[in-house]
Amino acid sequence: MKYLYRLYQLVICLPILLVASVLTSLTTVLGCMLGNGHFWGYYPGKYWSWLWVRILLLPVKVEGREHLKKNQSYVFVANHQGAFDIFLIYGFLGVPIKWVMKAGIGKIPFVGAACRAAGFIFVDNSSPKAAARSVLEAERCLKNGASIVVFPEGSRTSTGKMIRFKKGAYQMAVDQHLPIIPITLNGPFDVLPIGSLNVHPHRMEMVIHPEVPTADMDTSHKGMQQFADKTREIIASALWEKYR
């Protein structure tokens, strides 16, 4: 069965997904050039992500969409298990979002151009000043009514278990007076662990937690880290046992 799935990936999935990636990127770039970047910067990528998950036959379960309010901007924070975190959130969250992502993604052919056209934020950690510019760029998106997704760990896990959260996402939320929505992701680590090129047919789950207000947050260095630790605990509460 494992070898049949590998053959299915190579012969059927890979050609379709390569073509879909190019077409989605071109559609995003051209659509954003013509206008209505909120639409073209979100929907082509949403259906592209949905296609990746469905064509690879990956079961998905989503809980907690009832916690999301229409026309409300959020700062979403999620644990980062692997590359399929992006497909799971983008394809199944159901809310227009912009990503805060590593600068290296901008170098991927076609995909990088689409991300830039869509107004996604590339994080530059080469210096404190460059990182601060990334935060300001994200805050501009939030001012325009967008929601953003941040992985506060900063990088994918090598074990499936979370590491400590950084404070950048929380600073954005406080500055813009927006609530935080914690998201728990289960399964992407098993689908495609870091360092692997083989997709495994494993189920995935996304749990959307109730919003956490930022109005009364202690904005001191210690207070911000405590808030980050609090949302980390919320995310951890819904992790599968093997990821805790």
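Residues numbered from 1 in each chain as written. Predicted model: local features only at pLDDT ≥ 70, side-chain atom pairs only at ≥ 80, totals over all residues. Heavy atoms only, no water.

### So, unusual backbone geometry
Using the following cut-off: In this description a helix means any DSSP run of H or I spanning at least four residues, a strand means any run of E spanning at least two, and both kinds are numbered starting from the N terminus. Exposure classes here rest on a 1.4 Å probe applied to the protein chains alone. A residue is buried below 20% of its type maximum, exposed above 50%, and partly exposed in between.
Despite not being glycine, L57 has its phi angle at roughly 60°, a positive value. Looking at the element boundaries, L57 is found in the loop between α3 (43-55) and β1 (60-63). With a phi close to 70°, F110 is a non-glycine residue in the positive phi region. The topology assignment puts F110 in the loop between β3 (97-102) and α5 (111-117). Classification of F110 by relative accessible area gives partly exposed; the value is 43%.

### Details of helix α1 (residues 2-34)
Each full turn of the α-helix corresponds to 3.6 residues, which orients residues three or four apart in the same direction. The cut-off we apply is this: Each residue after the first adds 1.5 Å to the expected span of a helix. One axis is fitted to the seven residues ending at the residue and one to the seven starting there. The bend at that residue is the angle between these axes. Here, two residues are considered to be in contact whenever any of their heavy atoms come within 4.5 Å of each other.
Here α1 contains 33 residues, and its C-alpha end-to-end distance of 45 Å stays within 8% of the 48 Å for a straight helix at 1.5 Å per residue. Roughly 45° is the biggest bend found in α1, and it falls at C13, with proline P15 one to four residues downstream. Y5, R6, Q9, C13, L17, A20, S21, T24, S25, T28, G31 and C32 are the residues of α1 that are buried. Those residues of α1 hidden inside the fold are in contact with α2 (37-40), α3 and α5. With its phi angle positive at about 130°, G35 sits one or two positions after the end of α1.

### Considerations on the pairing of strand β6 (residues 180-186)
Note the following rule: The pairing criterion is simple: DSSP has to find at least two bridges between the two strands.
The buried count for β6 comes to seven of seven residues, which makes it a mostly enclosed element. With burial as the criterion, each face of β6 is covered, one bearing I180, P182, T184 and N186 and the other bearing I181, I183 and L185. Pairing between strand β2 (residues 75-78) and β6: four bridges, direction parallel. Bridge assignment links V77 to a residue of β6, and that residue is P182. Sheet topology places β6 next to strand β7 (residues 204-208); four bridges connect them, and they run antiparallel. Bridged to L185 within β7 is M206.

### Re helix α7 (residues 168-175)
Within the sequence span of α7, burial applies to A169, Y170, M172, A173 and V174. H177 occupies a position one or two residues after α7 and carries a positive phi of about 55°.

### Comments concerning the side chain of Q9
Secondary-structure assignment places Q9 in helix α1. For Q9, a relative accessible area of 11% translates into the label buried. Setting aside its immediate chain neighbours within four residues, Q9 contacts L14, L56 and V199.

### Focus: the sheet that holds β1
Put simply, the rule reads: Think of each axis as a best-fit line through the C-alpha atoms, taken over the contacting stretch in the case of a helix, with angles from 0 to 180 degrees between the N-to-C directions.
Read from one edge to the other, the open sheet built from seven strands follows the order β1-β7-β6-β2-β5-β3-β4, with strand pairing classed as mixed. The sheet is open, and its two edges are formed by β1 and β4 (121-123), each paired on a single side. With strand direction ignored, the average angle separating the axes of adjacent strands in the sheet is 20°. The pairing of β2 with strand β5 (residues 147-150) spans three bridges and is parallel. Bridge assignment links V75 to a residue of β5, and that residue is I148. Against the sheet, helix α4 (residues 84-92) makes contact with β1, β2, β3, β5, β6 and β7, and its axis sits at roughly 55° relative to β7, the strand it touches most.

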